[in-house]
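# Working through the structure, step by step
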Number of protein chains: 4
Amino acid sequence: MKSKLSFTSDYLEGAYPTILKRLLETNFVKSVGYGLDEFSESARKKIREACDCPKAAVYFLNGGTQTNAVVIDSILKSYQGVVATDIGHISIHEAGAIEFGGHKVLNLPNNYGKISAIEIKSYIENFQQDDNHDHMVEPAMVYISQPTEYGTLYSLKELKAINKVCRNYNLTLYLDGARLAYALACPKNNVSLKDIAELCDVFYIGGTKCGAFLGEAVVIPNPDLIPHFFKIMKQHGALLAKGRLLGIQFDELFTNDLYFKIGHSAIVAANELRNIFKDCGYKLAFDSPTNQIFVILNNKVKENLSAEVEFSFWEKFDDNHTIVRFATSWATNIDDVDKFDKILRKFA
Amino acid sequence: MKSKLSFTSDYLEGAYPTILKRLLETNFVKSVGYGLDEFSESARKKIREACDCPKAAVYFLNGGTQTNAVVIDSILKSYQGVVATDIGHISIHEAGAIEFGGHKVLNLPNNYGKISAIEIKSYIENFQQDDNHDHMVEPAMVYISQPTEYGTLYSLKELKAINKVCRNYNLTLYLDGARLAYALACPKNNVSLKDIAELCDVFYIGGTKCGAFLGEAVVIPNPDLIPHFFKIMKQHGALLAKGRLLGIQFDELFTNDLYFKIGHSAIVAANELRNIFKDCGYKLAFDSPTNQIFVILNNKVKENLSAEVEFSFWEKFDDNHTIVRFATSWATNIDDVDKFDKILRKFA
Amino acid sequence: MKSKLSFTSDYLEGAYPTILKRLLETNFVKSVGYGLDEFSESARKKIREACDCPKAAVYFLNGGTQTNAVVIDSILKSYQGVVATDIGHISIHEAGAIEFGGHKVLNLPNNYGKISAIEIKSYIENFQQDDNHDHMVEPAMVYISQPTEYGTLYSLKELKAINKVCRNYNLTLYLDGARLAYALACPKNNVSLKDIAELCDVFYIGGTKCGAFLGEAVVIPNPDLIPHFFKIMKQHGALLAKGRLLGIQFDELFTNDLYFKIGHSAIVAANELRNIFKDCGYKLAFDSPTNQIFVILNNKVKENLSAEVEFSFWEKFDDNHTIVRFATSWATNIDDVDKFDKILRKFA
Amino acid sequence: MKSKLSFTSDYLEGAYPTILKRLLETNFVKSVGYGLDEFSESARKKIREACDCPKAAVYFLNGGTQTNAVVIDSILKSYQGVVATDIGHISIHEAGAIEFGGHKVLNLPNNYGKISAIEIKSYIENFQQDDNHDHMVEPAMVYISQPTEYGTLYSLKELKAINKVCRNYNLTLYLDGARLAYALACPKNNVSLKDIAELCDVFYIGGTKCGAFLGEAVVIPNPDLIPHFFKIMKQHGALLAKGRLLGIQFDELFTNDLYFKIGHSAIVAANELRNIFKDCGYKLAFDSPTNQIFVILNNKVKENLSAEVEFSFWEKFDDNHTIVRFATSWATNIDDVDKFDKILRKFA
């Protein structure tokens, strides 16, 4: 089968090859179900070490929307809501999964995908001072993504400031790391996995977009925060009978620092794509440093391009231009970037 | 790694070997996400053929509890409930997943895991005649399992009778086929996949316990029954980004009739185990013909046995006896059955 | 308007006359909304005194189903359920209100409407010992009614035993007092309001069936048990803008011990009805001592009777007999009982 | 009891005097429960006539939040959401009641409390054209208030335009009439009750703020739109046992056109208040024509005023000014307006 030239997403291929190898090697080992197996236990141990969190609870779930719904539902009381940017994944792209669990997503405007400590503080204070706050959803949690949905990064300073506001106002800080490997491999990033484990109350290490077939590893540094997570997973239909499938993958991703390296080639390819666009005179919609590139294309060029290469529509820019997204991944072939270079120059 | 002698469940190992082969072969093919890929499409086509349902909608989900929750939630209106036996998987072993979606499970007593058309009819008529029925949950769906949670089978006659009652009273008939391969491979079974597709409004073909790493294929013979299933999957966190992982597995399971053959060795091994128990003078708690064996053990024997072989506690029988469950699967090694034979005879 | 002879329920008329008087007197007093008014505050004070619970939190809601849903939802975590008899109001007659809030009602068989401490203990221990309990809904609350749905009464000894089991197994004990006035006025009752306040974690004092137009007073002896009840009421649509309407009624019901006396005439009338039935040779289905009478009628008699007097169908007894319910209330006119006597004797 | 000078809300007093009279007169009439009584039936008949909707289904609920939650939940499928302004009552002041039912409120910016047909159309078209719309909550309903939360009014032309968009895009149009009597009594209003019944799919006629103790009348011009509303009410805990309490009140409100007249004095008083403010040199925050007045006060004046008269904080205007709300109602005494005049002039 011939693969098309495609930059539509970071989940176009299967799994990182050594993961497949491990699945083959272990296939007939008998193990108990529901994530209590030896592979999952080994993966947990390695993740705790990588996070420098010896007591952390670690659970493996299947995908990002599921993980967000289970985590948020396990933290919030019925009358509480979660603060997120207006373009947060939970705000618009989960088909109402958070509301299905009974919770409101409380939106703040995004600044290139991010919210600031000051904005959160101001929102909480306004809520607390409102005469009607007993008739309003109580903000009890803050949801951020690293990298953000726009591929941008929180700096360590920004994350520390958000952590401080959350501590002061008793808000649970939750970080969605669907593409975390691409942040960790990015030279411009100064937030380590250990920083995240220190500053967030709960976060997940993305597998699906970072080398696994499927899987996200939820880390709860203080395991007392959510005592019955296993049962809540089960209730949400998020518990795999063959939990080993997730355990084996994360065990491999955290062997020999694979997770910290796996995003490297994606960043190189993305930077190359950014250079090609700039070189050909195209403007980036925002200057994100990770594996997603948002570029403003003339609609004519967009149409011509799409005949030869696949990418994603993002949003209308003006009547003649469109913002489109190109994504790279651990599996992106650098030859494909070269091919794209040649194609683009035809329309320049 | 040395594998223990274990009959605790039918999900002890990884996946059927040819599935792993297919995953390897296709690993770097690029495909679109969310189950819209070519592998999933091919699997759907094969399943439609196997069911003789050319227009059926087919969706791939991750596990049984998730599938039950999504299907039931997509069918029922907020004020409606689903009828099931008191030992149905949705009744007791899903940690309240159905109630999480807002629906009541309306229990009828089981007869070796089954309910009859007559009991359903009587229940519905009593409901309709009750002066207070506007204050009660409306039964709108019937949930059955084939094989049942006790390993027993509905006959074609029984299934036809249930279908008739459901038609007459406008109830949606849903069949949980978590272990369907073990029914289809069972000589005592007279209900074909085509019968199920003809008689049920929605059902799922189990993958997780029948050769796949994970995955259940929901079949909706009349696709108009549930118009927005994709979105409901998304809202439930049941939509995998790399849907190909499920598509590839089911494509393989429905290649060369694998799904129809894969349960055969499990049935042979289960019958062998049943004979060993009987031979040694133990009574079966119920005479189920599929891959689960429920046997009554003297507590002393149970304790001795458990030092050398793993199996599941089912329920207390009396002060001196316990019902335990042994399960076989496509991966059960017949040598393990022989080993078990020798162990059991030590205590006979 | 001529009123028919009717014993169908205990909510056939408006409100106790002095309640109407108070509504008239206070009509143009301005008060703040949402139950923070002076009338509600006064009612709370009187209820705390009547319960001998100086610190209790007291909230006023509109009806029984609403109260049960709000209380249960405010106590249970998402993965927990409430234990109740199979004929409990929450089990069958609330159209799935508890499930709408995401919780399973865990049914135990009733014994004339009641469950015993021993049965609860046994249920909890079985749950805890079940290997699969992490896949099951956790019982975390016990729901009982005083009087029960069958009009029977828990004795003080029975209630103390249930309290003890709940303490030992960390279960919240909740008592539904929809008809509590009829228990308190019953000579056979030995459980006082103070006993209930001492032995239950949360309970409600029924108004709707006991003299009010509408209203149930939830009492939480230890107010820390449910910190955000107000907000949960709001979220459930259970918070009246003019909370004074409830406050004024309960203030009146707890003035001069009215609530303790209001059920007296209903019990007298009910006993009279029971005697009339027995005298005419009819059997009671169960011997309940409060304001509901469950009697077994020959279907012919039932039909003849229903031409002249209204009562409720309860359930089929056998092919020739039906169990019907007669209810009396604070508003029952003893003349109506005499009229009924004459009617019944016509068919004797 | 001496009443304070207060303009904090339109639910400060009890009920319109003739309502109390009717409650007294009917108190010992026996009637069936749950809104099936003769009073409710009579009220329904009068409301159908007033709406010129002979086939409309009419239901009586207790309060605004409850009504919104029940109506929205009965219309939307699980994956659908409701479009409302960012200051809509369902968006911010219902403590998450809509999300509790599993639905997202999709916010559009308000224009003095209103949204326009064009904005709705644009929102829907953007949704439909979005590549990811299957991962997003589907807008299926539009929620508007008449008068709005800011006291402003939709004109007939505006309402017709919204109706047209809703028809074209298959959106259910729902109008919240919590304060409808104040719109109907307002000289600037050109939308009649009959217009509303013709243009909206479902709406409610507010009682709580318009003369009743409690109660909102839901009108569904085409009763087939929501077939099981009664049961959904029950499930939401919204069904009163003594439904007559609501029926009698609405029967009175729709006798001799009371509902159309009851807001008149409130509008006169509100206009008077507006004139007093303007006369004293204060600016209105928005020029609403109904019974709510939003005025910008210097913080010093606000503090001084609040020592002598009660009103509501609305929002901070700038560091030295605050927007406050004064509300009048059917019960507002014009003498109180005169008293206020004298007080305000002291600080002018």
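Everything that follows concerns the structure shown earlier in this document.
Residues numbered from 1 in each chain as written. Chains lettered and ligands numbered in written order. Predicted model: local features only at pLDDT ≥ 70, side-chain atom pairs only at ≥ 80, totals over all residues. Heavy atoms only, no water.

Residues and elements named next belong to chain A. Across the sheet, which stays open at both edges, the four strands sit in the order 8-9-11-10 with antiparallel pairing between neighbours. Across the chains shown, the open sheet's two edge strands, defined by having one partner strand only, are strand 8 (283–284) and strand 10 (312–318). Pairing analysis gives five bridges linking strand 10 to strand 11 (residues 321–327), with the strands arranged antiparallel. Paired with F313 across the two strands is V324, which belongs to strand 11. Relative to strand 9 (residues 292–298), helix 13 (residues 264–279) is tilted by about 20 degrees, and along the sheet it contacts strand 8, strand 9 and strand 11. (Pairing = 2+ DSSP bridges. Helix = DSSP H or I, 4+ residues; strand = E, 2+ residues; numbered from the N terminus. Contact = heavy atoms within 4.5 Å. Axes fitted to C-alpha atoms, helices over the stretch in contact; angles between N-to-C directions.)

The next point concerns the interface of chain B and chain D. Opposite the 19 residues of chain B that make contact, chain D presents 19 residues. Between chain B and chain D the total buried area reaches about 1600 Å² when both faces are included, carbon and sulfur atoms providing 54% of it. When the buried surface of chain B facing chain D is broken down by residue, Y79(B), H135(B) and K231(B) rank first, second and third, together holding 43% of it. At the junction of chain B with chain D, the criterion picks out zero salt bridges. Our count for the contact surface shared by chain B and chain D stands at six residue pairs in polar contact (both at pLDDT 80 or more). In terms of residue count, helix 10 (residues 229–235) of chain B provides more of the side of chain B that touches chain D than any other element does, five residues in total. (Buried area = accessible area lost by both parts, 1.4 Å probe. Salt bridge = Lys/Arg side-chain N within 4 Å of Asp/Glu carboxyl O. Polar contact = N/O pair within 3.5 Å; in protein donor to acceptor, adjacent residues only side chain to side chain.)

A few words on the relation of the copies chain D and chain C. It takes a turn of 180 degrees to lay chain D on chain C, together with a shift of 0.0 Å along the axis; the resulting RMSD is 0.0 Å. In short, the pair behaves as if placed about a two-fold rotation axis. Interface overlap between copies is the fraction of interface residues in one copy that are interface residues in the other; for chain D against chain C it reaches 100%, indicating a shared surface. (Least-squares fit on C-alpha atoms with pLDDT ≥ 70 in both.)

What follows concerns helix 15 (residues 334–347) of chain B. Residue and element names in this part refer to chain B. The end-to-end C-alpha separation of helix 15 is 21 Å, in line with the 20 Å expected for 14 residues at 1.5 Å each. Of the residues making up helix 15, those classed as buried are D336, V337, F340, I343 and L344. Down the axis of helix 15, the sector holding all buried residues measures 125 degrees, keeping them to one side. Exposed side of helix 15, more than 90 degrees from the buried face: K342 and K346 are the residues found there. Against helix 13 (264–279), helix 14 (299–306) and strand 11 (321–327) lie the buried residues of helix 15. One side-chain oxygen at the N-terminal end of helix 15 lies 3.0 Å from the backbone nitrogen of D335; it belongs to N333. (Expected span 1.5 Å × (residues − 1). Buried < 20%, exposed > 50% of the residue type's maximum accessible area, 1.4 Å probe, protein only. Arc of directions from axis to C-beta.)

Glancing now at the interface of chain D and chain C. Taken together, the contact pairs 52 residues of chain D with 52 residues of chain C. Carbon and sulfur atoms make up 63% of the area that chain D and chain C hide from each other, which totals about 4800 Å². Summed over the three residues of chain D that lose the most area to chain C, namely K30(D), F100(D) and K242(D), the buried surface amounts to 18% of that side. Here chain D and chain C share four salt bridges between them. Linking K30(D) and E13(C) is a salt bridge whose minimum nitrogen-to-oxygen distance equals 3.4 Å.

With 12 residues, helix 3 (residues 64–75) of chain B should reach 16 Å at 1.5 Å per residue; the first-to-last C-alpha distance of 17 Å fits that figure. Turning to helix 3 of chain B, its buried residues are T65(B), Q66(B), T67(B), N68(B), A69(B), V70(B), V71(B), I72(B), D73(B), S74(B) and I75(B).

The next point concerns the pairing of strand 1 (residues 57–61) of chain A. Both faces of the sheet carry side chains from a regular strand, because those side chains alternate between them. All names here are of chain A. Taking burial as the measure, the five residues of strand 1 include five buried ones, the bulk of the element. Neither face of strand 1 is exposed, since A57, Y59 and L61 on one face and V58 and F60 on the opposite face are all buried. Pairing of strand 1 with strand 7 (residues 216–220), which is carried by five bridges, proceeds in the antiparallel orientation. Bridge pairing in strand 7 places Y59 opposite V218.

The next point concerns the sheet that holds strand 11 of chain B. All names here are of chain B. One open sheet accounts for four strands, arranged 8-9-11-10; its pairing is antiparallel. Bordering the open sheet on either side are strand 8 (283–284) and strand 10 (312–318), each of which pairs with just one other strand. Its contacts with the sheet put helix 13 on strand 8, strand 9 (292–298) and strand 11, and the angle it makes with strand 9 is roughly 20 degrees.

Summed over the entire model, instances satisfying the criterion amount to 69 salt bridges over all chains. Two residues, K121(A) and E125(A), come together in a salt bridge whose shortest N-O distance is 3.2 Å. With K121(A) and E125(A) both in helix 6 (residues 117–129), this residue pair falls four residues apart, about one helical turn. One network of salt bridges, in which partners are shared, links E13(A), D336(A), K339(A) and K30(B).

Shape is all these values report; function is a separate question.
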